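Per-entry structural report
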Amino acid sequence: AAPVGLRHAAREEPALGEFAPVVLTGGLALPHDDDVAARAAAPAFAADVAREHGQPVRVEGAEHRAITLRELGLLVKHVKQHSRSWVGRRWSAGAWREVRGLKPEEVNLYDVNLNLLARLGAELGISFSELFARGQERKPKVFLSHAWSHSLLQTYEALVQHAKDRGYGNDEPIWICAF
């Protein structure tokens, strides 16, 4: 499979894997840094999306990086298929503990960030939204403010219900801070 590359409107960027990873600030340690399969998960997800939707293209301005329910649904599907290989952190007995083998219904946005989103940014230089937006600014009609500790599956189900109640479809831009 051809590697995924990030394109800017005016120029082509090198294919993913051909440029140095973006360095994260703040000392964020990604789980499984020594696990080759875990490190390959984000690039594999990005490559799967690229096969279906085309190469990612930079979207200037985080305020224009909305996602759709359809795209969030793809993430939920990915979580259901892969979360048992993920690592999470939970507060227990007065300390943060590493938890391995997450059940899909236990996955929250912190887990998604650690296992997928941060890797997309750190290793590939792209956001989740940029996998789908094709460089188009998306002006969200809905802004979601929520606790990252809530279940991703429950958040998704609540958004699906909100869309039904408010009469918007699966392709309406929604702004969620993580994406």
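Bear in mind the structure is a predicted one, so any value in this text is a computation, not a measurement.

A word on the packing of helix 2 (residues 69–82) against helix 5 (residues 152–166). Orientation of helix 2 relative to helix 5, taken along the N-to-C sense of each, is 155 degrees, at an axis distance of 10 Å. Comparing their axes, helix 5 and helix 2 come out roughly antiparallel. Considering the relative orientation of helix 2 and helix 5, their crossing is left-handed. The segment helix 2 lies against helix 5, with Leu69, Leu72, Gly73, Leu75, Val76, Val79 and Lys80 engaging Leu152, Leu153, Tyr156, Leu159, Val160 and Ala163. Grouping the amino acids of the contact of helix 2 with helix 5 by side-chain chemistry returns 11 nonpolar, one polar and one charged.

Once that is clear, we can look at unusual backbone geometry. Of note, the phi angle at alanine 93 is positive, near 55 degrees, even though the residue is not glycine. Note that alanine 93 resides in the loop between strand 3 (87–92) and strand 4 (95–100). With phi around 55 degrees, arginine 134 is a residue other than glycine that occupies positive phi space.

Among the secondary structure elements, histidine 78 is positioned in helix 2. Leave out the neighbours within four places in its chain, and histidine 78 touches Phe45, Ser83, Trp86 and Leu116.

Attention shifts here to the pattern of salt bridges. In total, this model carries eight salt bridges according to the counting rule given. For the salt bridge of aspartate 171 with arginine 70, the shortest nitrogen-to-oxygen distance reads 2.8 Å. Separated by 101 residues along the polypeptide, aspartate 171 in the loop between helix 5 and strand 6 (174–176) and arginine 70 in helix 2 bring together distant segments of the chain. Among the residues examined, arginine 70 registers a relative accessible area of 47% and is labelled partly exposed. Taken together, the salt bridges that share partners define one network made up of Arg58, Arg65 and Glu130.

A separate point is the environment of glycine 169. By the secondary structure assignment, glycine 169 is in the loop between helix 5 and strand 6. Sequence separation between glycine 169 and arginine 70 is 99 residues; the distance between their C-alpha atoms is 9.0 Å.

Next up on the list: the pairing of strand 3. Pairing of strand 3 with strand 4, which is carried by six bridges, proceeds in the antiparallel orientation. Following the sheet pairing, serine 92 is matched in strand 4 by alanine 95. Linking two consecutive strands that pair antiparallel, namely strand 3 and strand 4, is a turn of two residues; a positive phi of about 55 degrees is found at alanine 93 within it.

Attention shifts here to helix 3 (residues 109–124). Compared with the 22 Å implied by 1.5 Å per residue over 16 residues, the 20 Å span of helix 3 between its first and last C-alpha is markedly short. Asparagine 115 marks the point of greatest bend in helix 3, at about 40 degrees. Among the 16 residues that make up helix 3, 13 are buried, leaving the element largely enclosed by the rest of the structure. With a side-chain oxygen positioned 2.9 Å from the backbone nitrogen of tyrosine 110, the residue opening helix 3 is asparagine 108. Looking one or two residues past helix 3, glycine 125 carries a phi angle of roughly 70 degrees, positive in sign.

Quick notes on the rules
- Residues numbered from 1 in each chain as written.
- Predicted model: local features only at pLDDT ≥ 70, side-chain atom pairs only at ≥ 80, totals over all residues.
- Heavy atoms only, no water.
- Axes fitted to C-alpha atoms, helices over the stretch in contact; angles between N-to-C directions.
- Helix = DSSP H or I, 4+ residues; strand = E, 2+ residues; numbered from the N terminus.
- Parallel < 35°, antiparallel > 145°, perpendicular 65-115°, else oblique.
- Left-handed = near helix turned anticlockwise from the far one by under 90°.
- Contact = heavy atoms within 4.5 Å.
- Nonpolar A, V, L, I, M, F, W, Y, C, P; charged D, E, K, R; others polar.
- Salt bridge = Lys/Arg side-chain N within 4 Å of Asp/Glu carboxyl O.
- Buried < 20%, exposed > 50% of the residue type's maximum accessible area, 1.4 Å probe, protein only.
- Pairing = 2+ DSSP bridges.
- Expected span 1.5 Å × (residues − 1).
- Bend = angle between axes of the 7 residues up to and from the residue.
- Polar contact = N/O pair within 3.5 Å; in protein donor to acceptor, adjacent residues only side chain to side chain.

These results come straight from atomic positions and should not be treated as a statement about function.
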